[in-house]
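Letter by letter, the chains look like this.
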Amino acid sequence: MRVTLLGTGDTTGTPTVGCDCETCRTARERGVERSRFSVHVENERTGESLLVDASPDFRSQFLDHDVPLPDAVVVTHIHFDHLDGLGNAYRIFDDLPVYAADETDPQTGESVADTIRSKYHYLDRISVHDAAPFESFRVCGFDVTFVPVDHPPLLCYGLAVSDPRTGTKLSLSGDTSYDVSEDSRATLADPDLFLADAIVPATLCEHHPAGGRHHDSEGVPRTFGHKHMTREGALSMAEELNAKETRLVHTSHFYPTDEAFEEPLAVDGEQYVL
């Protein structure tokens, strides 16, 4: 399993368009890119590859990184920074299978799979496949499982991606607060690589209208507001899941400059062989 981080940023990416903050300036000076979130998972045994989330930066990500176009896509939720890259299927793919959860979202009245069908009804290159949370399905030679996480007001899912031949495992927290159920944590547990949402450090919670939540024993918030984990929360979850290696993703340009480029914050183009 070869994992390439195509996009490691949040909804605006780093550097952010039109932003002249110190972190964005430093990213430009260093040539560091954190585009909108997307992960490429290649099965070198079968010659197939899976794309986790279709970033609106799809075109530049595949031009910038030496990875093959995907044979299938898995979509975790319907926010544009994880979904809108599907429009790139036009004139690039003959048929692109897209897998998404079949659970009806009370907020939208339809599942993630249904939303993709309705939004991309004009793209006959896309075929949408429903998958039930906690029920593994086989794609590109991998066993993939959606796990519910906490990203209000919409339903959102993390992922476990395992190679049944080698036993290697990639887990992704998805966009989530620290409030992830024990059942979901059990499915994500013991990964060789864990990609964890860590939008800001806990120190920035004081600037959020909702503050910080899910405090640890020392009072450090593990959730920023109510949608995303802090850096500290992501690292706490990684420890609880017994992750062998952890990279922090979906990070924002709000990280102070002296922290924005430190380990274990990921940048675009990182590659891991599991």
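The structure under discussion appears in the preceding block.
As the structure is a prediction and not an experimental result, all values here were calculated from the model.

A.B. asks: Quick question: what am I supposed to make of the layout of surface pockets here?
C.D. replies: In this approach the atoms are scanned with a rolling probe the size of a water molecule, which exposes any empty space left behind. In this structure, the largest pocket occupies an estimated 280 Å³ of space. Taken together, 18 residues form the lining of the largest pocket, with T11, I199, K227, H228 and H250 sitting closest to its centre. Its residues placed into classes, the lining of the largest pocket shows five nonpolar, nine polar and four charged.

A.B. asks: What exactly am I supposed to notice about the pairing of strand 11 (residues 193-197) here?
C.D. replies: In the case of a regular strand, side chains alternate between the two sheet surfaces. Of all five residues in strand 11, five are buried, a share of seventy percent or more. Going residue by residue along strand 11, you find L193, L195 and D197 tucked away on one face and F194 and A196 tucked away on the opposite face as well. As defined by bridge partners, strand 10 (residues 169-172) adjoins strand 11 across three bridges and the pair is classed as parallel. What sits directly across from L170, in strand 11, is L193. Running through helix 5 (residues 182-188), the crossover from strand 10 to the neighbouring parallel element strand 11 is right-handed. Relative to strand 15 (residues 246-249), strand 11 is paired through four bridges, and the arrangement is parallel. When the bridges of strand 15 are listed, A196 appears paired with L248.

A.B. asks: Can you walk me through the pairing of strand 1 (residues 2-7) in this structure?
C.D. replies: The element strand 1 is largely enclosed, with a buried count of five among its six residues. Across three bridges, strand 1 lies against strand 16 (residues 271-273) in antiparallel orientation. Within strand 16, the residue paired with V3 across the bridge is Y272. When strand 1 meets strand 2 (residues 38-43), the two strands line up antiparallel, connected through five bridges. If you follow L5 over to strand 2, its bridge partner there is V39.

Parameters at a glance
- Residues numbered from 1 in each chain as written.
- Predicted model: local features only at pLDDT ≥ 70, side-chain atom pairs only at ≥ 80, totals over all residues.
- Heavy atoms only, no water.
- 1 Å grid on protein atoms, 1.4 Å probe; cavity = no way out; pocket = protein on both sides within 12 Å on 5 of 7 lines; lining within 4 Å.
- Points joined across faces, edges and corners; volume = space filled by probe spheres on them.
- Nonpolar A, V, L, I, M, F, W, Y, C, P; charged D, E, K, R; others polar.
- Buried < 20%, exposed > 50% of the residue type's maximum accessible area, 1.4 Å probe, protein only.
- Helix = DSSP H or I, 4+ residues; strand = E, 2+ residues; numbered from the N terminus.
- Pairing = 2+ DSSP bridges.
- Right-handed = clockwise from strand over helix to strand, strands pointing away.

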